[in-house]
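# Inside the fold
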Amino acid sequence: MKTQRIALALTLVNLLFLSLQLTQNHTATAPVIAAQKPNPTDAIAPVLRGRALELVDERGKARAEIKIFPADPKVKMPDGTTGYPESVMLRLFDSEGAPNVKLTATEDGSALSLGGEKSYAQFLSRGANPFIKLVNRDGREQVIKP
């Protein structure tokens, strides 16, 4: 009989701890570097480090991401060349998951693409031949080169 009371008391204590754990808000913080002296009232970590960052909306759908893409020597580019260097890309998605903004940095330059429903503007500055490409919703395009 005494064993049952102890078991019941431990179960109730465990349920209390579980309910407290589930109701607390958990936030991620980066560790503070020892050389820095953070302001005690400042709750923001000085640096956030990781391999990728993704922001999702209330439905869990990705709306923004920044990540590193490895080099791929087999990719065929629109200009006929092959190979793509390692790149860092920031992409912003609409509510349906289409990337409306892409900003890319590579070893040999950068690119910016701004898209809409059926039109887009592309600014490319990689290598020796930078250009701007504009495409309207009818599919007509204009390329501006120096």
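Presented here is a report on the structure given in the accompanying data block. None of the values given here were measured: they were computed from a predicted structure.

What counts and how
- Numbering of residues begins from 1 in every chain and follows the order in which that chain's sequence is written.
- Note on the predicted model: pLDDT of at least 70 is required for a residue's local features to be given, and 80 or more for side-chain atom pairs to be given and counted; whole-chain, interface and lining totals, by contrast, use all residues.
- In computing side-chain properties, one takes all heavy atoms of the structure into account and sets aside hydrogens as well as water.
- Going along the chain from the N terminus, every DSSP run of H or I of four or more residues is numbered as a helix, and every run of E of two or more is numbered as a strand.
- Whether a residue is buried, partly exposed or exposed follows from its accessible area with a 1.4 Å probe, protein chains only, as a fraction of its type maximum: under 20%, in between, or over 50%, in that order.
- Accessible surface area values rest on a Shrake-Rupley calculation with a 1.4 Å probe, where residue burial reflects the displayed protein chains alone.
- Here the rule is simple: two strands pair whenever DSSP picks up at least two bridges between them.
- Lines fitted to the C-alpha atoms define the axes, with helices restricted to the stretch that makes contact. Angles between their N-to-C directions range from 0 to 180 degrees.
- Put simply, a patch holds well-exposed residues, over 30% relative accessible area, that have no salt bridge, with like charges counted together within 9 Å and Val, Leu, Ile, Met, Phe, Trp or Tyr side chains within 5 Å.
- Whenever Lys or Arg places a side-chain nitrogen within 4 Å of a carboxyl oxygen from Asp or Glu, that contact is recorded as a salt bridge.
- In what follows, residue pairs with any heavy atoms lying within 4.5 Å of each other are defined as contacts.
- Whenever two N or O atoms come within 3.5 Å, that pair is a polar contact, provided that in protein one can donate a hydrogen and the other can accept it, and provided that, for residues adjacent in sequence, both atoms are side-chain atoms.

With that settled, the discussion passes to the overall build of the chain. Across its full length, the chain holds 1 helix and 10 strands. Along the chain, helices (α) and strands (β) appear in the sequence α-β-β-β-β-β-β-β-β-β-β when read from the amino end. Relative to its full complement of 146 residues, the chain shows a buried share of 12%. Only carbon and sulfur atoms are counted for the fraction: they give 58% of the accessible area of the chain, which is about 12,100 Å².

Taken in spatial order, the 8 strands line up as β1-β2-β5-β6-β7-β8-β9-β10 in an open sheet, and their pairing is antiparallel. Strand pairing shows two members of the sheet lacking a second neighbour, β1 (52-56) and β10 (141-144), which therefore form its edges. The average undirected angle you get between the axes of adjacent strands in this sheet is 10 degrees. Where β1 lies against strand β2 (residues 62-69), 5 bridges are found, and the strand directions are antiparallel. Note that in β2 the partner of Leu53 across the bridge is Ile66.

A surface patch of nonpolar side chains, amounting to about 560 Å² of accessible area, comprises Leu48, Leu53, Leu55, Ile66, Ile68 and Val88. Elements with a contribution of two residues or more to the nonpolar patch: β1 and β2. Among the structural elements, Ile66 can be located in strand β2. Relative accessible area serves as the criterion here: at 38%, Ile66 is assigned to the partly exposed category.

Locating Ser87 in the fold gives a position in strand β5 (residues 87-93). Here Ser87 falls in the buried class, since its relative accessible area comes to 1%. Leaving out residues up to four positions away in the same chain, Ser87 has contacts with Lys67, Ile68, Phe69, Thr104, Ala105 and Thr106.

Side chains that differ in charge, positive against negative, can pair when their charged atoms come close. Counted under the stated rule, the structure contains 5 salt bridges. A salt bridge links Arg59 to Asp57, with the nearest nitrogen and oxygen atoms 3.1 Å apart. Between Glu65 and Arg91 there is a salt bridge, with the nearest N and O atoms lying 2.3 Å from each other. Residue Glu65 is found in strand β2, and its partner Arg91 is found in strand β5; the two are separated by 26 residues along the sequence. Linked by salt bridges that have partners in common, Asp57, Arg59 and Arg63 make up one network.

So, about the side chain of Arg91. Within the local environment of Arg91, its side chain forms a polar contact with the side chain of Glu65, the two groups lying 2.3 Å apart. Sequence-distant contacts of Arg91, that is, excluding residues within four places in its chain, are made with Arg63, Ala64, Glu65, Phe69, Val101 and Lys102.

Looking at where Glu86 falls in the secondary structure, it is placed in the loop between β4 (82-84) and β5. Contact partners of Glu86, with chain neighbours within four places excluded, come to Ile68, Phe69, Pro70, Ala71, Ala105, Thr106 and Glu107.

Bridging between strand β8 (residues 120-126) and strand β9 (residues 131-135) involves 5 bridges; their strand directions are antiparallel. Looking at the pairing, Tyr120 lines up with Val135 of β9. In textbook terms, the turn of a hairpin is the stretch between consecutive antiparallel strands, and for β9 and β10 this stretch comprises 5 residues, one of which, Gly139, has a positive phi near 95 degrees.

Without other data, these values stay purely geometric and don't point to any function.
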